[in-house]
Amino acid sequence: MYLYLKALHIIFIVTWFAGLFYIVRLFVYNTEAQEKSEPERSILQKQFNLMIQRLWLGITWPSAILTLIFGPWVWYILGSLPQWLLIKLIFVILLYAYHFTLHSLYKQQKKGIFNYTSQQLRIWNEVATIILVAVVMLATVKQSMSMVWGLAGLVGFIIILMSAIKIYKQVRSRQTRHTPGS
């Protein structure tokens, strides 16, 4: 029974993360559609809003709820709380907090409110990546990973990720300037 529950827990974690990653991309595209002229803007926003609603309510929220059901169930059957799992739970709490910030963005965009630039949303999209790396490392390496090296690795990963975002922005900016007609 334990392995089946663990498998279901992992499946819903994967679908939840897929939803978290893709929803912010849709927020980015929906935000960028604001810069288009009519009728393109209306057509794009209508399509993005439909995609956002279906993804958020049909995949992401159900996966978050099922993760929350199967995770504690697996933990209960495991019967203990090792130190690595306690640390992982802190990241899980952060992930649910992140999820609720995305729900707030979902409600704003549904009302046509765009408080963030596409670049800010791209950066915010990477929060889930950082949490994913931390959780997977904790779940697989467990007691073998020292806290110092784990944190150093996570900080290094964040620095590389933020540098990549900055480089991408520069490349995209250059391409936009050199595109004919812009």
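Residues numbered from 1 in each chain as written. Predicted model: local features only at pLDDT ≥ 70, side-chain atom pairs only at ≥ 80, totals over all residues. Heavy atoms only, no water.

What to know about helix H2 (residues 40-78)
So, point 1. Compared with the 57 Å implied by 1.5 Å per residue over 39 residues, the 54 Å span of H2 between its first and last C-alpha is a close match.
So, point 2. The largest bend along H2 measures about 35° and falls at Trp 56.
So, point 3. One or two positions beyond H2, positive phi appears at Gly 79, with a value near 80°. (Helix = DSSP H or I, 4+ residues; strand = E, 2+ residues; numbered from the N terminus. Expected span 1.5 Å × (residues − 1). Bend = angle between axes of the 7 residues up to and from the residue.)

Here's the deal with empty space enclosed by the protein
So, point 1. Tallied over the full model, the rule gives one cavity of 30 Å³ or more.
So, point 2. For the largest cavity, the calculated volume is near 40 Å³.
So, point 3. Looking at the largest cavity, the residues that line it are Thr 31, Leu 105, Gln 108, Gln 109, Ile 113, Phe 114, Asn 115, Tyr 116 and Leu 121.
So, point 4. Considering each element in turn, the lining of the largest cavity owes the most residues, three residues, to helix H3 (residues 83-110).
So, point 5. Split by residue class, the lining of the largest cavity holds five nonpolar, four polar and no charged. (1 Å grid on protein atoms, 1.4 Å probe; cavity = no way out; pocket = protein on both sides within 12 Å on 5 of 7 lines; lining within 4 Å. Points joined across faces, edges and corners; volume = space filled by probe spheres on them. Nonpolar A, V, L, I, M, F, W, Y, C, P; charged D, E, K, R; others polar.)

Let's talk about the pattern of salt bridges
So, point 1. Following the criterion strictly, the structure yields two salt bridges and no others.
So, point 2. Note that Glu 32 is salt-bridged to Arg 122, the shortest N-O span being 3.0 Å. Here the residue Glu 32 occupies a position in helix H1 (residues 2-33), and Arg 122 occupies one in helix H4 (residues 118-141), the gap between them amounting to 90 residues.
So, point 3. Across the salt bridge formed by Arg 41 and Glu 38, the nearest N and O atoms sit 3.0 Å from each other.
So, point 4. Arg 41 gets classed as partly exposed once you look at its relative accessible area, which sits at 26%.
So, point 5. Looking at Glu 38, the relative accessible area reads 44%, which means it is partly exposed. (Salt bridge = Lys/Arg side-chain N within 4 Å of Asp/Glu carboxyl O. Buried < 20%, exposed > 50% of the residue type's maximum accessible area, 1.4 Å probe, protein only.)

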